[in-house]
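Coordinates in review
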Amino acid sequence: MMVPMLFLVLTFAWILSHMMTVSPVTNRLSGLVEPEFIEAELQRIGYYDPWYIQLGAYYKNFFTGNWGNSYVIRDGEPVLSFVLEVFPRTLELMIIPIVISPIIAVKLGLSSATHKDKSRDISIRTIAIFGAGFPVFWIATLLQLFFGYYLDIFTYGKLDLPIMFINKPGLSAPVPDGAFSTGFRIIDSFIYNDQIFLWDTIAHLFIPALCLTFVSLASITRQTRSSMLDVLDQDYIRTARAKGVLEKDVINKHALRNALLPTSNLIIGGTATALLGSFFIEVTFAYKGFGYYMVNSIFAGDYLVINGLLVFATIILISGTLVADVMYTIIDPRITYN
Amino acid sequence: MLKITEQAFIEDIAHNQSKSLTKEKFIRFLRFYLIPGWRDPEFASQEYEAEKIKSKRRMFRRLLKPLTITGFVMIIFILTLAVYAPWLTQYRLGEIISPYYPPGGNPFDDPSPEHPFGTTKYGYDILARLIWGSRTTLVMAAIPVTIAIGGGILLGTISAYFGGIFDYLMMRFVDLMYAFPNLILVIIIVPILGQALLTSLVIYGILFIPYNIRFMRSLVLQVKQLEFVQAAKTGGAQKFKVMFTHIVPNAISPILIAFFGGAAIAVLGLAGLAFIGIGDPTVASWGTDINWARASFSNFNAAVWPGLFIGIIAIGFMLIGDGLRDALDPRLNI
């Protein structure tokens, strides 16, 4: 299922880049304005070929790793290496909410469902609906204003960790030239044993990750609460209580496991939410990941970069769906895929 | 003489009627006791009316919960702003949108008597932009969701009803659209086709059709098996008549409730579009306000109020959607 889907996605991305009104060569040959040169370049790259030959060339270049070169965002850098440089940063930002928020949200939803209509339930629901209703970029902007401008903690040169290190402005990745690099800054600083860079990275990730966690928290909490209430009405819960099972065990063993089935849908499928949330967060905080460069390349008209980023994001989403399908069968053995 | 005979005649009729009434009553009892499952049609219809009123009352009682009422109040607040916009602010719409730049305008000014919340970029009044922006936002909520749900109902019903190769192709198309991050696709396509408000709304609506196709398809597949559909088919009804007069009205209510949740998501998504800077610059949009205020720290109001209003309308729609679903399907609680 995944391979034909990949071909469909590629075709769609190809149609999309055909729709863009940017001329494929004028920006790249910015110095040359003679029409003969432009015409010759168009002939060379196969602009006048029939569509099936163009599509075939697109597939061939995609699978041989030739994704074209960026010409506005990064002058002449191959798109593939650019994407591989940019995406680890976004994944680093996404992985924190994806891991942390289900843990907190399931707890919150559970206590909200077991204390239904009490003050705890009402406060948790209020927080959840605030996270779902207010736009993530607004929360991010306010946090940025609050911490960066009014409280004046997370601004440049403010948050130093003087007990442990000297505050060093203008840090760069601790990777020596030509050495192996994963692209994930946290992993890199572990590999090359650079604590200052590690803490600097974590301090920079703190507020963006907080925003993302808050937003993805909301939907999971609501879903957990609703399915938990649904399960608590079932007959087998009454049976368990009548048997004399401890209330703790009724909640944790009988109810929660069944209530988590619909919630796992959201937790595993949270990749899309996190990707989209990180899109706005990155634009707000000028965090140089996928979303930031996507918006920049849209404004600059760098269609090869747009294409590469979109295809890569889609590949991540498709693999997320695949992982989700496999996980469902592990969580709930009744589900089978033909 | 004549009078007496007339009276006797009337008495006679009355006697006969009462006799026939008791007779009817007796037959009714006989039927009730002897025929299993027999119900008096007159009594059944009375009971049906009473139950209908009762269930309606029950639905309203379920609907009128504090949270749902809060949602209604929020939406009515925004509606009031939208309807009475010219009376609520002294600024006309033309004075706070793009082609007009106020002469001597002081951008990001502090609150003053002329500008209760201060000013935003180019010296536009924040309060006026909030009030006029409610119209834009309500349009943003209505049009994309109408397109998305309308298209979903149409294509989903046809796909589920006909089945076969058409259904297969439709589902593969839906899978393809599921593979893409939807809002990012909107962000890519909108600059290609032009930034006018209506264009972005239509694109947004079209790209969100696939979700509703899958939803509507699952609903129709449940209803399709029921007897009345078989009866309509056997009676020789045309295919589209079966689909849109027999199946759709019985399957439609969950997807109509999804309208409100969809509206909240559409408002948030389109505000995000405007926030990135791809929104229409010639309308008063709250997302654009936040985008402008992001760069400036001097007036706190410029960033806070637009987001608060987006939150009010989105939460209002969500609460109404939750309340309606609770009222119609009390088994689910969110």
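Just so you know, the residues in each chain are numbered from 1, in the order the chain's sequence is written. Each chain is given a letter, starting from A, and each ligand a number, starting from 1, according to the order in which they appear as written. Only residues with pLDDT of at least 70 get local features here, since the model is predicted, and only at 80 or more are side-chain atom pairs given and counted; chain-wide, interface and lining totals rely on the full set of residues.

**Here's the deal with the overall build of chain B**
A count of helices and strands for chain B gives 14 helices and zero strands. Per the convention used, a helix needs a DSSP run of H or I reaching at least four residues, while a strand needs a run of E reaching at least two, with both numbered from the N terminus. When the helices and strands of chain B are listed from N to C terminus, the series reads α-α-α-α-α-α-α-α-α-α-α-α-α-α. Summarising its shape, the C-alpha atoms of chain B cover approximately 105 × 60 × 40 Å along the three principal directions. Whether a residue is buried, exposed or partly exposed is read from the other C-beta atoms within 10 Å of its own C-beta, which are placed from the backbone; 20 or more gives buried, 12 or fewer gives exposed, and intermediate counts give partly exposed. Going through the 334 residues of chain B one by one, you find that 39% of them count as buried.

**Topic: the overall build of chain A**
Scanning chain A from N- to C-terminus turns up 13 helices and zero strands. Secondary structure elements of chain A, listed N to C terminal, follow the sequence α-α-α-α-α-α-α-α-α-α-α-α-α. Sequence-distant contacts, at least 24 apart, represent 68% of the contacts inside chain A between residues at least 6 apart. By the convention adopted here, residues are in contact when the distance between their C-beta atoms, placed from the backbone, does not exceed 7 Å.

**Concerning the interface of chain B and chain A**
Buried accessible area, meaning the area lost when the parts come together, often serves as the stated size of an interface. Listed as interface residues are 32 residues of chain B and, on the opposing side, 39 residues of chain A. Those elements that place two or more of their residues in the side of chain B that touches chain A are helix 6 (164–179), helix 7 (182–193), helix 12 (253–276), helix 13 (286–294) and helix 14 (301–328) of chain B. Broken down by element, the side of chain B that touches chain A gets its largest block of residues, eight residues, from helix 14 of chain B. Residue classes in the side of chain B that touches chain A are distributed as 25 nonpolar, four polar and three charged. Put simply, Ala, Val, Leu, Ile, Met, Phe, Trp, Tyr, Cys and Pro go in the nonpolar bin, Asp, Glu, Lys and Arg in the charged bin, and everything else, Gly too, in the polar bin.

**Here we look at helix 4 (residues 79–114) of chain A**
Multiply 1.5 Å by the residue count of a helix minus one, and that product is the helix's expected span. Its 36 residues place the ends of helix 4 of chain A 51 Å apart at the C-alpha level, agreeing with the 52 Å of an ideal helix rising 1.5 Å per residue. Bend at a given residue is defined as the angle between two axes, one fitted to the seven residues that end at that position and one fitted to the seven that begin there. Roughly 30° is the biggest bend found in helix 4 of chain A, and it falls at S101 of chain A, with proline P102 of chain A one to four residues downstream.

**Description of the confidence of the model for chain B**
Low pLDDT means the predicted coordinates in that region are not meant to be read closely. Confidence scores labelled pLDDT are given residue by residue by the predictor and lie between 0 and 100. Of the residues in chain B, 91% reach a pLDDT of 70 or more, and the chain-wide mean stands at 83. For this predicted complex, the interface confidence comes out at an ipTM of 0.82, alongside a pTM of 0.81.

**Comments concerning the packing of helix 6 (residues 136–150) of chain A against helix 11 (residues 270–285) of chain A**
All names here are of chain A. Orientation is described by axes fitted as lines to C-alpha atoms, over the contacting stretch for helices, and by angles from 0 to 180 degrees between their N-to-C directions. Direction vectors running N to C along helix 6 and helix 11 enclose 35°, while the axes themselves pass 9 Å from each other. Between helix 6 and helix 11 lies a crossing whose hand is right-handed. On the side of helix 6, the interface is formed by V136, F137, A140, T141 and Q144, while helix 11 contributes G277, F280, I281, T284 and F285. Among the residues making up the contact of helix 6 with helix 11, the classes are represented as six nonpolar, four polar and no charged. We call a crossing left-handed when the near helix sits turned anticlockwise from the far one by less than a right angle, and right-handed when that turn is clockwise.

**Digging into the environment of I184 of chain B**
Inspection of the secondary structure puts I184 of chain B in helix 7. The spatial distance from the C-alpha of I184 of chain B to the C-alpha of L226 of chain B is 40 Å, given a sequence separation of 42 residues. Apart from the residues lying within four places of it in its own chain, the contact partners of I184 of chain B are L276, F279 and A313 of chain A.

**Thoughts on the environment of I290 of chain B**
As for its placement among the helices and strands, I290 of chain B is situated in helix 13. In this structure, the C-alpha to C-alpha distance between I290 of chain B and G236 of chain B, residues 54 residues apart in sequence, is 58 Å. Not counting residues within four places of it along the chain, the set of residues in contact with I290 of chain B comprises F137, W138 and T141 of chain A together with F275, A303, P306 and G307 of chain B.

**Some thoughts on unusual backbone geometry**
All names here are of chain A. Of note in the backbone geometry, A286 takes a positive phi value of approximately 50° without being a glycine. For A286, the position within the fold is in the loop between helix 11 and helix 12 (290–300). Overall, A286 belongs to the exposed group, with 7 C-beta atoms counted inside 10 Å.

**Digging into the packing of helix 1 (residues 2–19) of chain A against helix 13 (residues 303–331) of chain A**
All names here are of chain A. Between helix 1 and helix 13, whose axes approach to 10 Å, the crossing angle comes to 155°. Taken together, the axes of helix 1 and helix 13 lie roughly antiparallel to each other. Two packed elements cross with a definite hand, and for helix 1 against helix 13 that hand is right-handed. The segment helix 1 lies against helix 13, with M2, M5, L6, V9, L10, A13 and S17 engaging Y303, N307, L310, V311, T314, I318 and L322. In terms of residue class, the contact of helix 1 with helix 13 is built from 11 nonpolar, three polar and no charged. Working definition: roughly parallel below 35 degrees, roughly antiparallel above 145 degrees, roughly perpendicular at 65 to 115 degrees, and oblique for all remaining angles.

**Topic: the nonpolar core**
Residue and element names in this part refer to chain B. Among the nonpolar cores identified, the biggest contains 155 residues, and I187, V267 and F317 are the most heavily contacted of them. In terms of residues, this core owes the most to one element, helix 5 (residues 126–162), which gives 17 residues. Apart from residues no more than four positions distant in its own chain, V267 is found in contact with T137, M140, A141, I310, I313 and A314. As used here, a nonpolar core is made of buried Ala, Val, Leu, Ile, Met, Phe, Trp, Tyr and Cys residues. They are joined through C-beta atoms within 7 Å.

**Some thoughts on helix 13 of chain B**
Most of helix 13 of chain B is tucked away: eight of the nine residues are buried. Within helix 13 of chain B, burial applies to W286, G287, T288, D289, I290, N291, W292 and A293 of chain B. Structurally, helix 13 of chain B contributes buried residues whose contacts are with helix 6 of chain A together with helix 5, helix 12 and helix 14 of chain B.

**Focus: the confidence of the model for chain A**
Confidence in the prediction for chain A averages 79 pLDDT; 86% of positions are at 70 or higher. Here helix 2 (residues 35–45) of chain A stands out as the least confident element of chain A, with mean pLDDT 77; helix 9 (residues 235–243) of chain A is the most confident, with 89.

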